[in-house]
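One-letter residues, chain by chain:
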Amino acid sequence: MALKFNDSYANGFISEAEIASISSEVLAAQKTLLDGTGEGNAFLGWKTLPDDYDREEFARIKAAAKKIQKTCDVFIVIGIGGSYLGSRAVIEFLKSSSYNALKKDTPDIYFSGRDISAQSLSELLSICEGRDVCINVISKSGTTTEPAVAFRVFRALLEEKYGKEGARERIFVTTDKARGTLKKFADEEGYETFVVPDDVGGRFSVLTAVGLLPIAVSGVEIDELMRGASDAAKEYAVADVNANAALRYAAVRNLLYRKGYAIEVLVSYESYATMLNEWWKQLFGESEGKDGKGLFPASVIFSTELHSLGQFIQEGTRNLFETIVKVKTPDVSMKVPYDEANVDGLNFLAGTELSTINEKAMQGTILAHVDGGAPNLVIEIDEKNEYCLGKLLYFFEFACGVSGYTLGVNPFNQPGVEAYKKNMFALLGKPGYEDAKAALEARLK
């Protein structure tokens, strides 16, 4: 199966009878998702994407990745939200959270356009000095402030360094297939372009060109990533809450929410999962947080944060539960050395694999937190490889769609995201926002 879901540590908080009672709602939500009859059904392209994708573009992605690997030392990915989180999550999960510091035959990969920080841009420009650079700007419209500013900066850098002709070979654009400011500009300049599908929202776009080009540049086998997602799509189409891991997860988290557990904390015991946690937070937060509803998605890396947030999780407000992502088979072997002096008293662990100690820390923490009143769920994948991660990504996407419909919201829109933009544009004096500017400035006094 490659992926298993274990909710046995929630047995004291929800019962099988309660799961049975919500099953009809979850199955109805699954049917709505599979049939495409619910709200947001114009954005369900991710659902069949693992099998129904553009093979010609897929081949171009792999060819472009090889070209980038050969011609640059630094690859800058420019995008915000779903335009960068998915690719960064996959790269760090499969390669390393220290990817750029490792010896490798692929370029360093940095992410820009995810904030409006002069400090971040300045530091990244410094990193690029004396090195060959390629960029991939990712934006549906080309007018989103954060990536648009970064694209201006790095396009100017490349044109100054290589001239317009040389820069053209180093700029790759992922945008709308036919419309928008960025598509028009890319066509005029002759940049190679890839497609942000009309029917796939940003937070579901990791398996489109949005995520796949940077992922391929890192050396990850994107064919295996897609194969894992393809197998997952078949498994999660089964209409059985007990046999279908994605449906069972959606059912349990909705039951816990109805019992007052308002926060879900995604947990990993490996730092390479930090950005996967961030991707998950956007996926569920942007999909379910609306209409005054939704679980608040948070995340931690243990055992590091057991020495900080662990106290709150153990004994704080009893309105949270934990979902642990676990890799069954470690990919690195390291044992505790023997120390003659035994100054730390740890010789009882000499010769023990660190992965074994980490496993026992996880088991001990689960039991302690459950005893403290925090339900725990466990999602286990067999190995840290492309196939298993492809299954995990699709598991979360499918469960998110089902869970959102079960919750009673449209999981595929994000109207609230526009509120800050309107205020920011008005305060900056963008044409068309003049009437709002004075009122907003008065509120800030």
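Report on the accompanying structure. Owing to the predicted nature of the structure, the values given are computational and were not obtained by experimental measurement.

Calculation criteria
- Residues numbered from 1 in each chain as written.
- Predicted model: local features only at pLDDT ≥ 70, side-chain atom pairs only at ≥ 80, totals over all residues.
- Heavy atoms only, no water.
- Helix = DSSP H or I, 4+ residues; strand = E, 2+ residues; numbered from the N terminus.
- Buried < 20%, exposed > 50% of the residue type's maximum accessible area, 1.4 Å probe, protein only.
- Pairing = 2+ DSSP bridges.
- Axes fitted to C-alpha atoms, helices over the stretch in contact; angles between N-to-C directions.
- Contact = heavy atoms within 4.5 Å.
- Expected span 1.5 Å × (residues − 1).
- Phe/Tyr/Trp six-rings, centres within 6.5 Å; stacked < 30°, edge-to-face > 60°.
- Lys NZ or Arg CZ within 6 Å of the ring centre and 35° of its normal.

## Concerning unusual backbone geometry
If a residue is not glycine, its phi is most likely negative; likewise, a peptide bond is most likely trans. Following Phe302, the chain continues to Ser303 via a peptide bond in cis, the omega torsion being 10°. Its place among the elements puts Ser303 in the loop between strand E8 (296–301) and helix H12 (310–315). In this structure, Asp291 takes a positive phi of about 60° despite not being glycine. With relative accessibility at 59%, the residue Asp291 sits in the exposed group.

## A short note on the pairing of strand E4 (residues 133–138)
E4 sits mainly inside the fold: six of its six residues count as buried. Of the two faces of E4, the one holding Val133, Ile135 and Val137 and the one holding Cys134, Asn136 and Ile138 are both buried throughout. Here five bridges tie strand E2 (residues 74–78) to E4, and the two strands are oriented parallel to one another. Across the sheet, residue Ile78 finds its bridge partner in E4, namely Val137.

## Some points on the sheet that holds E8
Pairing is mixed across the open sheet formed by five strands, whose spatial order is E1-E10-E9-E7-E8. Strand pairing shows two members of the sheet lacking a second neighbour, strand E1 (3–6) and E8, which therefore form its edges. Going across the sheet, the axis of each strand differs from the next one's by a mean of 20°, ignoring polarity. Bridge analysis of E1 against strand E10 (residues 376–381) gives four bridges, and the strand direction is antiparallel. Within the sheet, the bridge partner assigned to Asn6 lies in E10 and is Val378. Strands E1, strand E7 (263–268), strand E9 (320–327) and E10 of the sheet are contacted by helix H10 (residues 245–258), whose axis makes an angle of about 25° with E1. Strands E1, E7, E9 and E10 of the sheet are contacted by helix H14 (residues 386–407), whose axis makes an angle of about 140° with E10.

## With respect to helix H11 (residues 274–288)
For H11, which comprises 15 residues, the first-to-last C-alpha distance of 21 Å matches the rise-based estimate of 21 Å (1.5 Å per residue) to within 8%. With respect to burial, H11 is a largely interior element, 11 of its 15 residues being buried. All of the buried residues in H11 are Met275, Leu276, Asn277, Trp279, Trp280, Gln282, Leu283, Phe284, Glu286, Ser287 and Glu288. Here the buried face of H11 lies against helix H4 (85–94), H10, E7, E8 and H14.

## Some remarks on the sheet that holds E4
Across the sheet, five strands lie side by side as E3-E2-E4-E5-E6; this open sheet has parallel pairing. Both edges of this open sheet fall to strand E3 (108–112) and strand E6 (192–195), since each of them pairs with a single strand only. Each adjacent strand pair in this sheet contributes to an overall mean axis angle of 20°, direction not counted. As judged from the four bridges shared by strand E5 (residues 171–175) and E6, these two strands associate in the parallel manner. By the bridge assignment for E6, Thr175 is matched with Val195. Across the sheet, helix H3 (residues 55–71) touches E2, E4, E5 and E6, and the angle it forms with E6 is around 135°. Contacting E2, E3 and E4, helix H5 (residues 118–128) runs over the sheet at an angle of about 155° to E3.

## Examining the packing of aromatic side chains
Inspection of every chain in the model, using the stated rule, returns 24 aromatic pairs. Judged by centre distance (6.0 Å) and plane angle (65°), the rings of Phe185 and Tyr191 are edge-to-face. In this structure Tyr191 comes out as buried when scored by relative accessible area, which is 6%. Its guanidinium or amino end placed over the ring of Tyr53, Arg55 lies 3.8 Å from that ring's centre, counting from NZ or CZ. One cation-aromatic arrangement involves Lys384 over Tyr272; the distance from NZ or CZ to the ring centre is 4.8 Å.

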